[in-house]
Structure formats: C-alpha cells, structure tokens
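Structural overview
One-letter residues, chain by chain:
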Amino acid sequence: MHELRSANPDEARERIQAVLRERRAITAYATAARAARPAFAAFWASYMSGFRKMLCGYGPVTASLSLLDGLRIVDFLVGTTIVEYNTGHFDEVHHLDAFVEQVLAYALLAPGFGHPVTAVVLYLARYHVPTRYPLDTFLAHLAGQPSIPSKLTVDSPPLFKQNQTARRPTAR
C-alpha cells in the first residue's frame, strides 16, 4: 500500500483485494495482527489514560497533514500544535535525533502552507511519554539556548508555492 502513495480509492481497493486473494498473505497478516495486539493494547491504554484528553484541549484535529506535495506528512495538527507520535524503540541516540529533526521540519514547513504552529508534541507511545513544547522553547533548546522570550517566536517563513517542484532529500 505504501507504494501507491496518493492512489485513488479504486486503485487501493483493487490492490487490497489482490493481496487478500493470496491465502498465504491472509495467514501472514493474521499472525502479524495477533503478535501486535499486546503492543497496541499498551498504546491504546496510554492514549486513553490521558493523552487523548490532553489533545482534545488543543483544538480541531487534522490527521495526516500533507506538506510539500505529500513528501512530508504530519501525523496530526491539533489546533496550532504539531503532534508526532512514535511507537518505536529509541535504542540509539540517532533514533531520537531523527525524530526531533522530523518534528522540527514539520514545525518550520507548516506555516508556509497556511498552518500556523505555536507548539509541538512528541509522543513516545512505547514509553507512555507525551512532551509538549511551545515552539519558541523547542527552537531555543535545539539552538542551544536555555530559552528565549515568547515575543521572538517564529511567526511564518516565506510562503512556499503549492505547485513548486519538490525535491526528495538525499541520503546521508
């Protein structure tokens, strides 16, 4: 399904139906779903125990906000708060660094597409840790400053043209 990217619903349905005609695929998906149940149950319990209520207070929710013609997809924009969740392990420092860089990119890109951002939430679901930072504080910490006055917040970078040809990032 990831290969389809922005397929129309008919293309997606046809692809799903083709996969489900394979008996081995059904068995593999059922096995994977059974294996994922405990992790999903823990995630759901964490979400329902307080994270959901916290999010509801931020405003209306936009899921899968597309930036740069779909090259960047924000998990959620809740009011003016970017919310990114991650269910993976953070076994090495570069895993967390990559997650923070991802959120930073979203926070800087979103205003150029008409979505003002005043805060970011990083939700480490596996660890049941939601962290919320006002955008100016988040940027100050990343810049190595203890904090900056809120009047110096990033308002809006120059508007990107919606039909601008976007380049995919190159591998490091």
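Notes on the structure in this doc start here. Just so it is clear, the structure is predicted and the values come from calculations on it, not from any experiment. (Residues numbered from 1 in each chain as written. Predicted model: local features only at pLDDT ≥ 70, side-chain atom pairs only at ≥ 80, totals over all residues. Heavy atoms only, no water.)

As a further point, take helix α2 (residues 23-56). Between its terminal C-alpha atoms α2 stretches only 41 Å, short of the 50 Å expected from 34 residues at 1.5 Å a residue. At Met-48, α2 shows its largest bend, some 55°. Its buried side turned inward, α2 meets α1 (9-20), β2 (72-78), β3 (81-86), β4 (119-124) and β5 (129-134). (Helix = DSSP H or I, 4+ residues; strand = E, 2+ residues; numbered from the N terminus. Expected span 1.5 Å × (residues − 1). Bend = angle between axes of the 7 residues up to and from the residue. Contact = heavy atoms within 4.5 Å.)

What follows concerns the sheet that holds strand β1 (residues 61-67). One open sheet holds the five strands; their spatial order is β1-β2-β3-β4-β5, and the pairing between them is mixed. Pairing within the sheet leaves two strands with one partner each, and these edge strands are β1 and β5. The mean inter-strand angle of the sheet, taken between neighbouring strand axes irrespective of direction, is 30°. In this sheet, β5 lies alongside β4 in antiparallel orientation, the contact comprising six bridges. Each residue of the ladder has a partner; that of Val-121, found in β5, is Arg-132. Sitting on the sheet, α2 touches β2, β3, β4 and β5, and the angle it makes with β4 is about 165°. Helix α3 (residues 93-109) rests against β1, β2, β3 and β4 of the sheet, and its axis sits at about 155° to β3. (Pairing = 2+ DSSP bridges. Axes fitted to C-alpha atoms, helices over the stretch in contact; angles between N-to-C directions.)

Turning our attention to the nonpolar core. Ranked by internal contacts, the top residues of the largest apolar core, which has 21 residues, are Leu-67, Ile-82, Val-120, Leu-122, Leu-135 and Phe-138. For this core, the secondary-structure elements that each account for two or more residues are β1, β2, α3, β4 and α4 (135-142). Among the elements that make up this core, the one with the highest residue count is α3 (six residues). Non-local contacts of Val-120, meaning those with residues more than four positions away in its chain, are made with Thr-81, Ile-82, Val-103, Ala-107, Thr-131, Arg-132, Tyr-133, Leu-135 and Phe-138. The next biggest cluster of nonpolar side chains, apart from the first, holds nine residues, and it includes Phe-43, Phe-51, Val-78 and Ala-125. (Core = buried A, V, L, I, M, F, W, Y, C linked by side-chain atoms within 4.5 Å. Buried < 20%, exposed > 50% of the residue type's maximum accessible area, 1.4 Å probe, protein only.)

Our focus in this paragraph is the pairing of β2. It is a general feature of regular strands that their side chains alternate between the two faces of the sheet. Sheet topology note: the β1/β2 ladder contains six bridges and is antiparallel. Of the residues in β2, the one forming a bridge with Thr-62 is Leu-77. The antiparallel hairpin formed by β1 and β2 contains four residues in its connecting segment, where Leu-68 sits at a positive phi of about 55°. Of the pairings in the sheet, the one linking β2 to β3 comprises three bridges and is antiparallel in character. By the bridge assignment for β3, Leu-77 is matched with Ile-82.

With that out of the way, let us pick up the side chain of Glu-84. Here Glu-84 shows up in strand β3. Buried charge Glu-84 goes without a salt bridge, the closest partner of opposite sign being Arg-72 at 10 Å. A distance of 3.1 Å separates polar atoms of two side chains, one belonging to Glu-84 and the other to Gln-102. Apart from the residues within four sequence positions on either side, Glu-84 is in contact with Ile-73, Val-74, Asp-75, Phe-76, Phe-99, Gln-102, Val-103, Tyr-106, Val-121, Leu-122 and Tyr-123. (Lys, Arg positive; Asp, Glu negative; His and termini not counted. Salt bridge = Lys/Arg side-chain N within 4 Å of Asp/Glu carboxyl O. Polar contact = N/O pair within 3.5 Å; in protein donor to acceptor, adjacent residues only side chain to side chain.)

Time to look at the pairing of β3. Remark: two residues form the turn of the hairpin made by β2 and β3, two consecutive strands paired antiparallel; Gly-79 in that turn has positive phi of roughly 65°. Relative to β4, β3 runs parallel, the two sharing six bridges. Residue pairing in the sheet places Val-83 in a bridge with Val-121 of β4. Once you follow β3 into α3 and on to β4, the crossover reads as right-handed. (Right-handed = clockwise from strand over helix to strand, strands pointing away.)

To continue, consider the environment of Ser-66. Considering the arrangement of structural elements, one finds Ser-66 in strand β1. Along the sequence, Ser-66 and Tyr-106 sit 40 residues apart, while their C-alpha atoms lie 9.9 Å from each other. Once you skip the residues sitting within four places of it in the chain, Ser-66 turns out to touch Arg-72 and Ile-73. Within the structure, Ser-66 has its side chain in polar contact with the backbone nitrogen of Gly-70 (distance 3.0 Å).

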